[in-house]
Amino acid sequence: MIITKPEVEPDGLYNQGQAAKALHIDRHTIARYAANGLIKFKVRKAGKAMITTGAEIIKCWKSMYL
């Protein structure tokens, strides 16, 4: 995981791949974090994609480093 705060927009929407890239971790790791409740994803109605906000990404990062 990245040591510095991820560069994401708090109100922005990110899929699992984008969230993993922002945190510098593998997509499978972000799925495991979601399963363990470290980051919350919602299912987007259009296309049924899993999405999260930048604020959730930052919250996940803070839970690891602060």
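One can find the structure itself at the top, above this paragraph.
Asks: How should I be thinking about the packing of helix H1 (residues 16–23) against helix H2 (residues 27–35) in this particular structure?
Replies: In helix packing, the relevant descriptors are the interaxial angle and the interaxial distance, both defined with respect to the helix axes. Orientation of H1 relative to H2, taken along the N-to-C sense of each, is 100 degrees, at an axis distance of 8 Å. With respect to H2, the element H1 is oriented roughly perpendicular. The segment H1 lies against H2, with Gln16, Gly17, Ala19, Ala20 and Leu23 engaging Arg27, Ile30 and Ala31. Here the residues of the contact of H1 with H2 sort into five nonpolar, two polar and one charged.

Asks: Can you walk me through the environment of Glu9 in this structure?
Replies: On the secondary structure map, Glu9 appears in the segment before strand S1 (13–15). For Glu9, a relative accessible area of 56% puts it in the exposed group. In this structure the C-alpha to C-alpha distance between Glu9 and Ile57, which are 48 residues apart in sequence, comes to 9.6 Å. Residues in contact with Glu9, not counting those within four places in the same chain, are Tyr14, Gly54 and Ala55.

Asks: Just checking my understanding: could you explain the pattern of salt bridges for this structure?
Replies: Side chains bearing opposite charge may pair, as long as their charged atoms lie close to each other. One pass over the structure, following the stated rule, counts one salt bridge. Glu56 is paired through a salt bridge with Lys59; the nearest N and O atoms lie 3.8 Å apart. Pair noted here: Glu56 and Lys59 are both in helix H3 (residues 54–65), with a separation of three residues, about one helical turn. The class for Lys59 is partly exposed, based on a relative accessible area of 46%.

Parameters at a glance
- Residues numbered from 1 in each chain as written.
- Predicted model: local features only at pLDDT ≥ 70, side-chain atom pairs only at ≥ 80, totals over all residues.
- Heavy atoms only, no water.
- Axes fitted to C-alpha atoms, helices over the stretch in contact; angles between N-to-C directions.
- Helix = DSSP H or I, 4+ residues; strand = E, 2+ residues; numbered from the N terminus.
- Parallel < 35°, antiparallel > 145°, perpendicular 65-115°, else oblique.
- Contact = heavy atoms within 4.5 Å.
- Nonpolar A, V, L, I, M, F, W, Y, C, P; charged D, E, K, R; others polar.
- Buried < 20%, exposed > 50% of the residue type's maximum accessible area, 1.4 Å probe, protein only.
- Salt bridge = Lys/Arg side-chain N within 4 Å of Asp/Glu carboxyl O.

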